[in-house]
Amino acid sequence: MSTVTIAWLAVRTAPSGRLGLFVGLALAAYTLPGAIGAFALGRYLRARPARALVLVHCLLRAGFLGAIVVLEAAGALSPAAYVALLAGSSLLASWGTAGEYTMLAELGGDEGRLAANSLASAQVWLATILGPAVAGLLLTRLAPGWLLAFDAASFAFLGLQARRTPTTEARTDEPVDTHAAESGFRLLRRNDLLGLIALTWLFFFLYGPVEDALPVYVAHDLHAHARLLGAYWTSFGVGALASTLLVGMLRRHATRGIVLLIVAGWGACLVPFAFAPTPVTLVCFALGGVIYGPFTPLTYALFQSITTTANLPSVLAARSAALIVSTPLGTAIGGPLVAGLGAKWTLAASGAATLILAAAATPIWTGWQSSAS
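Parameters at a glance
- Residues numbered from 1 in each chain as written.
- Predicted model: local features only at pLDDT ≥ 70, side-chain atom pairs only at ≥ 80, totals over all residues.
- Heavy atoms only, no water.
- Helix = DSSP H or I, 4+ residues; strand = E, 2+ residues; numbered from the N terminus.
- Buried < 20%, exposed > 50% of the residue type's maximum accessible area, 1.4 Å probe, protein only.
- Contact = heavy atoms within 4.5 Å.
- Areas by Shrake-Rupley, 256 points an atom, 1.4 Å probe, with all protein chains shown as cover.
- Expected span 1.5 Å × (residues − 1).
- Arc of directions from axis to C-beta.
- Core = buried A, V, L, I, M, F, W, Y, C linked by side-chain atoms within 4.5 Å.
- Axes fitted to C-alpha atoms, helices over the stretch in contact; angles between N-to-C directions.
- Parallel < 35°, antiparallel > 145°, perpendicular 65-115°, else oblique.
- Nonpolar A, V, L, I, M, F, W, Y, C, P; charged D, E, K, R; others polar.
- Phe/Tyr/Trp six-rings, centres within 6.5 Å; stacked < 30°, edge-to-face > 60°.
- Lys NZ or Arg CZ within 6 Å of the ring centre and 35° of its normal.
- Patch = residues over 30% accessible without salt bridge, like charges linked within 9 Å, V, L, I, M, F, W, Y side chains within 5 Å.
- Salt bridge = Lys/Arg side-chain N within 4 Å of Asp/Glu carboxyl O.
- Lys, Arg positive; Asp, Glu negative; His and termini not counted.
- Polar contact = N/O pair within 3.5 Å; in protein donor to acceptor, adjacent residues only side chain to side chain.

Topic: the overall build of the chain
Line of reasoning, step 1. Counting its regular elements, the chain contains 17 helices and zero strands.
Line of reasoning, step 2. Expressed as a percentage of its 373 residues, the buried residues of the chain come to 47%.
Line of reasoning, step 3. For the chain, contacts bridging at least 24 residues in sequence account for 85% of all contacts bridging at least 6.
Line of reasoning, step 4. If you sum the accessible surface of the chain, you get close to 17,000 Å²; carbon and sulfur atoms cover 69% of it.

Structure below.
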């Protein structure tokens, strides 16, 4: 819901003549400061318990978003205040996510962590399917400021649940060993972690142009209605939700081989956009959602399995900080690509580049595993 609501409130708050720039600035303010917080606040937060990281993140989100609601209701929300409050709310986003997945690792243990990750990711996919549609309906009856109050309340609820959720290990409530908890960015220099973060960054980056190209493909290339665009994304979301839930039932551990197959499979689903008719591309995009969905829970499970509990919050915060710009950067580059290549060839080029990424990563990871053994 926040994706639609924040943009819509930005439209209503934007200075005259700067609508496009201000909407982009507001959306960036809701996410990108999390990377700054991961870099700048590591020395203060690295030794904090995972539960405390979730709680302080939720406190910032609920507090700053609540302030936006109050100012907007009073007619006193200026453009500068809106961007500043959004930025303040996201400052600890990377650390909050790190705390959440550290708690999930403790709750699930070695055997159940993939199931816990999958359930968490499935909730995100379900929200991605339903949230924008619900926001669109509610915005016809409610002011966007009041709708943002739901977002603030959701973070308050998350913090309450994190506070009362029992974990299987007491370590979640204990401070991390500051001697063991090196800088997350320093730990990411290890070959196994560096390879995983590099593959994930490039995978998300190559996905970015899809968000630019698909609307143009539907509107310009197919001369179709927006309902077809909705059908593409709905089929993708439903497929991703189903596969994410199914992967949580696997009893085997996440492997790099499965991750590489996901990367290659998603790339292969985009290539037919260059030549296939609409029904085929719609099926391919739905299949792409099935393939794409488990990527996040599987890669989180890999991070959890190859990182000690003491270091996990720092490593996951560094992961979030590194990845937070990957998709937006790919989306930004997608615009010129669509203008130069056309929408269908941009989609196909994204798929081909993703296939090349999977092919290039395979011998590198195989070599690291051989040297490690």
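Read on for the rest.
As for unusual backbone geometry
Line of reasoning, step 1. Backbone geometry places His223, a non-glycine residue, at a positive phi of 50°.
Line of reasoning, step 2. In this structure, His223 sits in the loop between helix H10 (191-221) and helix H11 (226-247).

A look at helix H13 (residues 278-292)
Line of reasoning, step 1. For H13, built from 15 residues, the straight-helix expectation of 21 Å at 1.5 Å per residue is met to within 8% by its first-to-last C-alpha distance of 20 Å.
Line of reasoning, step 2. Residues Thr281, Cys284, Phe285, Gly288, Gly289 and Tyr292 constitute the buried set of H13. Seen end-on, H13 carries its buried residues on one side only, within an arc spanning 145°. Those residues of H13 that are exposed and angled more than 90 degrees off the buried face are Pro279 and Val283.

A short note on the nonpolar core
Line of reasoning, step 1. Judged by nonpolar contacts, the single largest core of 62 residues is most densely connected at Trp266 and Phe285.
Line of reasoning, step 2. If one sorts the elements of this core by residue count, H10 sits on top with 14 residues.
Line of reasoning, step 3. In contact with Phe285, not counting residues within four places along its chain, are Val210, Leu214, Tyr232, Trp233, Phe236, Trp266, Leu270 and Phe273.
Line of reasoning, step 4. Ranked by size, the runner-up nonpolar core spans 26 residues in total, among them Ile6, Ala26, Val54 and Ala152.

Some remarks on helix H16 (residues 326-341)
Because an α-helix completes one turn every 3.6 residues, residues spaced three or four positions apart along the sequence face the same direction.
Line of reasoning, step 1. Under the 1.5 Å per step criterion, the end-to-end length of H16 is 21 Å for 16 residues, consistent within 8% with the ideal 22 Å.
Line of reasoning, step 2. Three or more residues of H16 are buried, namely Ser326, Thr327, Gly330, Gly334 and Val338.

Things to note about the packing of helix H12 (residues 256-270) against H13
The geometry of a pair of packed helices is captured by two quantities: the angle between their axes and the separation between those axes.
Line of reasoning, step 1. Between H12 and H13, the least distance of the axes is 9 Å, while the angle of their chain directions is 170°. As the angle between them shows, H12 and H13 are arranged roughly antiparallel. Where H12 abuts H13, its residues Ile262, Gly265, Trp266, Cys269 and Leu270 lie against Cys284, Phe285, Leu287, Gly288, Gly289, Ile291 and Tyr292.
Line of reasoning, step 2. Its residues assigned to classes, the contact of H12 with H13 comprises nine nonpolar, three polar and no charged.

Comments concerning the packing of aromatic side chains
Line of reasoning, step 1. Within the structure shown, the criterion is met by 19 aromatic pairs.
Line of reasoning, step 2. Measuring from centroid to centroid gives 6.0 Å for Tyr232 and Phe273, while their planes differ by 40°, and the two rings are tilted. Placement of the pair is Tyr232 in helix H11 and Phe273 in the loop between H12 and H13, with a sequence separation of 41 residues.
Line of reasoning, step 3. Looking at Tyr232, the relative accessible area reads 0%, which means it is buried.
Line of reasoning, step 4. Relative to Trp266, the ring of Phe236 has its centre 5.5 Å away and its plane inclined at 65°; by these criteria the two rings are edge-to-face. Taken together, the positions of Phe236 in helix H11 and Trp266 in helix H12 put the pair 30 residues apart, joining distant regions of the chain. Take Phe236 and Trp266: they sit in the same class, and that class is buried.
Line of reasoning, step 5. Here the aromatic cluster, defined as three or more aromatic residues joined through ring pairs, consists of Phe203, Phe204, Tyr207, Tyr217, Tyr232, Trp233, Phe236, Trp266, Phe273, Phe285, Tyr292 and Phe295.
Line of reasoning, step 6. The ring centre of Tyr30 lies 4.2 Å from the NZ or CZ of Arg61, which sits over that ring.

Here's the deal with a nonpolar patch on the surface
Line of reasoning, step 1. On the surface, a cluster of nonpolar side chains totalling about 630 Å² of accessible area is made up of Met1, Leu126, Leu130, Val134, Leu142, Trp146 and Phe150.
Line of reasoning, step 2. Looking at the nonpolar patch, the elements that each hand over two or more residues are helix H7 (93-138) and helix H8 (144-164).
Line of reasoning, step 3. Among the elements that take part in the nonpolar patch, H7 stands out by supplying three residues, more than any other.
Line of reasoning, step 4. Its place among the elements puts Val134 in helix H7.

Quick look at the environment of Gly248
Line of reasoning, step 1. Counting through the fold element by element, Gly248 comes out in the loop between H11 and H12.
Line of reasoning, step 2. Counting along the chain gives 46 residues from Gly248 to Pro294, while the straight-line C-alpha distance between them is 8.6 Å.
Line of reasoning, step 3. Aside from chain neighbours lying at most four places away, what touches Gly248 is Leu114, Ala115 and Ser118.

Things to note about the side chain of Glu72
Line of reasoning, step 1. As for its position among the elements, Glu72 is in helix H5 (residues 50-73).
Line of reasoning, step 2. Arg12 provides the closest opposite charge to the buried, unpaired Glu72, separated from it by 4.3 Å.
Line of reasoning, step 3. Residues within four places of Glu72 in sequence aside, it is in contact with Leu9, Arg12, Leu77 and Gly145.

Some remarks on the side chain of Ser89
Line of reasoning, step 1. Positionally, Ser89 belongs in helix H6 (residues 79-89).
Line of reasoning, step 2. The class for Ser89 is buried, based on a relative accessible area of 0%.
Line of reasoning, step 3. A distance of 3.0 Å separates polar atoms of two side chains, one belonging to Ser89 and the other to Arg61.
Line of reasoning, step 4. Within the structure, the side chain of Ser89 is placed 2.7 Å from the backbone oxygen of Leu86, a separation counted as a polar contact.
Line of reasoning, step 5. Residues within four places of Ser89 in sequence aside, it is in contact with Tyr30, His57, Leu60, Arg61, Phe64 and Leu65.

In short, geometric facts, not functional conclusions.
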